[in-house]
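Chain by chain, the residues run as shown.
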Amino acid sequence: MATVPDGSELDSLLRRCARRDAAALQTLYARVAPQLLGILVRLLGTRTAAEDALQDAFIRIWQQAGQFDRSKGRAMAWMVAIARNRAIDLQRASRTTVLLDAAELAGAEQLQVDGPADNLEFGATHDALRRCLEILSTAQRQCLLLAYQRGLTQERIALLIGQPLGTIKSWIRRGLESLKACMGS
Amino acid sequence: MNYDRPELLERLAAEYVLGVLRRRARARFERLCDEFPDALSARQRWEDRLLPLSLALAPVTPGADRWPRIQRAVDSMSDSGAAPTARSALRRWWPLALAASLIAAAVLIGKLTFWSEPVWQPMAVLAPANAAPLWRLERSADAARINIRTLGPVTLKLTQSYELWVLPSGGGNPVSLGLLPRQGSLERHLTPAQRTLLLAARQVAVSVEPASGSPTGLPTGPVIIVAPIARAT
């Protein structure tokens, strides 16, 4: 389980980055780069692609630090969103067909065997989400995790799980609705 | 779509953060977030809700060479006097690419007169020197969006990408407008800064970059196209 950096420290580092303090960016990198890279490796599949995306993400964090508004969200959520969005954009730009190639199929089979829902680790602060994921059907939970953590499109999930695309879309939509209802706000 | 419906905004926000929206839908939702605070709030609530799923993943330590690369990129952004290597490549290719692109742009603008879709304005045609055009660029009237359409087969190694740049009219470093698609079309929302630059700029350029785009924020590979921007009519 990763140690989540202290939010107020991250806020302060981002404020310093906005003032063009390069030392603050280096500290920020030391604090959050491993966590972001862990996310990117799962989304992009290869370490090289993930490290390239990480590099892009930090350059964007530097460029956009002035736009971070603490009143509208947590610093870690803001940085994770920048990294995830970069990875998703790269994925969408490079994978233009919905057909799985041999390597992806092999990876997908591995995922299926692993059962990603059973491999999650949660800290105490994440209890609400863990409890709410447990109320979803196994199929809904698996679809949400394959999409969010592995970056699979709905078309790829359909091929992987062997269900029609409409069914996958429905599972995802209902899963998200249930999650929101369970977590409140 | 009627974006006033809160349930629709909520669903789009959830699917955006989950990562299952298609490229165009993603771009539309990002634009929506710029225009409607409710959309942005819904998106941020979902980013917060799902954040533990990201933090649950085991960290991976980056290679030791990564931080120096970021530092160099950040330094080069701060140092306005530094002329990046890629810019000399821009100067080498400029005359040839300009000639080819002017012809292509003239043909395109002639054709576009007859198009029925009024939302997009022709912006540029991107053609390598002595080769068929590869992409057509259009922009919305307010330059808040650009639409990129591939015109023919785009061949490139999987480890590489083509990146689009706007060349500021008063000189200065090229500014990235993102990666170009290999097939199909792609709509992209521009930041206010990109938009201002684009409205004043006269040229765009295309460089060959690593698959994830330029690691430095400036062109690093060969510049294969410099194309004029058509003036708004």
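**Overview of empty space enclosed by the protein**
Here is step 1 of the chain: With the rule as written, the count across this model stands at one cavity of 30 Å³ or more.
Here is step 2 of the chain: Approximately 80 Å³ is the volume attributed to the largest cavity.
Here is step 3 of the chain: A77, V80, A81, R84, N85, I88 and Y148 of chain A together with Y16, V17, E47 and L51 of chain B are the residues that line the largest cavity.
Here is step 4 of the chain: For the lining of the largest cavity, the secondary-structure elements that each account for two or more residues are α4 (75-94) of chain A together with α1 (6-18) and α3 (37-55) of chain B.
Here is step 5 of the chain: If you tally residues by element for the lining of the largest cavity, the top one is α4 of chain A, at six residues.
Here is step 6 of the chain: Of the residues in the lining of the largest cavity, the class split is eight nonpolar, one polar and two charged.

**Quick notes on the packing of helix α7 (residues 138-148) of chain A against helix α8 (residues 154-161) of chain A**
Residue and element names in this part refer to chain A.
Here is step 1 of the chain: Between α7 and α8, the shortest axis-to-axis distance is 10 Å and the interhelical angle comes to 130 degrees. With respect to α8, the element α7 is oriented oblique. Crossing of α7 against α8: the hand is right-handed. Contacts between α7 and α8 involve Q142, C143, L146 and A147 on the former and, on the latter, I157, L160 and I161.
Here is step 2 of the chain: For the contact of α7 with α8, the per-class residue count stands at six nonpolar, one polar and no charged.

**Describing the sheet that holds strand β2 (residues 135-140) of chain B**
Residue and element names in this part refer to chain B.
Here is step 1 of the chain: If you walk across this open sheet you meet the four strands as β1-β2-β3-β6, and the pairing is antiparallel. At either margin of the open sheet sits one strand with a lone partner, and together these are β1 (120-126) and β6 (185-189). Going from strand to strand, the sheet's axes swing by 20 degrees on average, the running direction of each strand aside.
Here is step 2 of the chain: In this sheet, β6 lies alongside strand β3 (residues 145-150) in antiparallel orientation, the contact comprising five bridges. Bridge assignment links R145 to a residue of β6, and that residue is H189.

**Notes on the interface of chain A and chain B**
Here is step 1 of the chain: The partner chain B presents 52 residues to the 62 residues of chain A that form the contact.
Here is step 2 of the chain: Between chain A and chain B, roughly 5400 Å² of surface is buried when both sides are summed, and carbon and sulfur atoms account for 60% of that area.
Here is step 3 of the chain: Scanning the region where chain A abuts chain B turns up seven salt bridges.
Here is step 4 of the chain: The salt bridge partner of R26 of chain B is D89 of chain A, with a shortest N-O separation of 3.6 Å.
Here is step 5 of the chain: Elements that contribute at least two residues to the side of chain A that touches chain B include exactly α2 (22-44), α3 (47-64), α4, α6 (127-135), α7, α8 and α9 (165-183) of chain A.
Here is step 6 of the chain: For the side of chain A that touches chain B, the class distribution of residues is 34 nonpolar, 13 polar and 15 charged.

**Some words on the packing of aromatic side chains**
Here is step 1 of the chain: Counting across every chain of the model gives five aromatic pairs over all chains.
Here is step 2 of the chain: Measuring from centroid to centroid gives 5.2 Å for Y29 of chain A and W67 of chain B, while their planes differ by 45 degrees, and the two rings are tilted. In this pair, Y29 of chain A sits in helix α2 while W67 of chain B sits in helix α4 (residues 66-78), so the two residues belong to two different chains.
Here is step 3 of the chain: The class for W67 of chain B is buried, based on a relative accessible area of 11%.
Here is step 4 of the chain: Seen in terms of ring centroids, Y16 of chain B and F29 of chain B are 5.2 Å apart; in terms of plane orientation they differ by 40 degrees. Their pairing is tilted.

Conventions and cut-offs
Residues numbered from 1 in each chain as written. Chains lettered and ligands numbered in written order. Predicted model: local features only at pLDDT ≥ 70, side-chain atom pairs only at ≥ 80, totals over all residues. Heavy atoms only, no water. 1 Å grid on protein atoms, 1.4 Å probe; cavity = no way out; pocket = protein on both sides within 12 Å on 5 of 7 lines; lining within 4 Å. Points joined across faces, edges and corners; volume = space filled by probe spheres on them. Helix = DSSP H or I, 4+ residues; strand = E, 2+ residues; numbered from the N terminus. Nonpolar A, V, L, I, M, F, W, Y, C, P; charged D, E, K, R; others polar. Axes fitted to C-alpha atoms, helices over the stretch in contact; angles between N-to-C directions. Parallel < 35°, antiparallel > 145°, perpendicular 65-115°, else oblique. Left-handed = near helix turned anticlockwise from the far one by under 90°. Contact = heavy atoms within 4.5 Å. Pairing = 2+ DSSP bridges. Buried area = accessible area lost by both parts, 1.4 Å probe. Salt bridge = Lys/Arg side-chain N within 4 Å of Asp/Glu carboxyl O. Phe/Tyr/Trp six-rings, centres within 6.5 Å; stacked < 30°, edge-to-face > 60°. Buried < 20%, exposed > 50% of the residue type's maximum accessible area, 1.4 Å probe, protein only.

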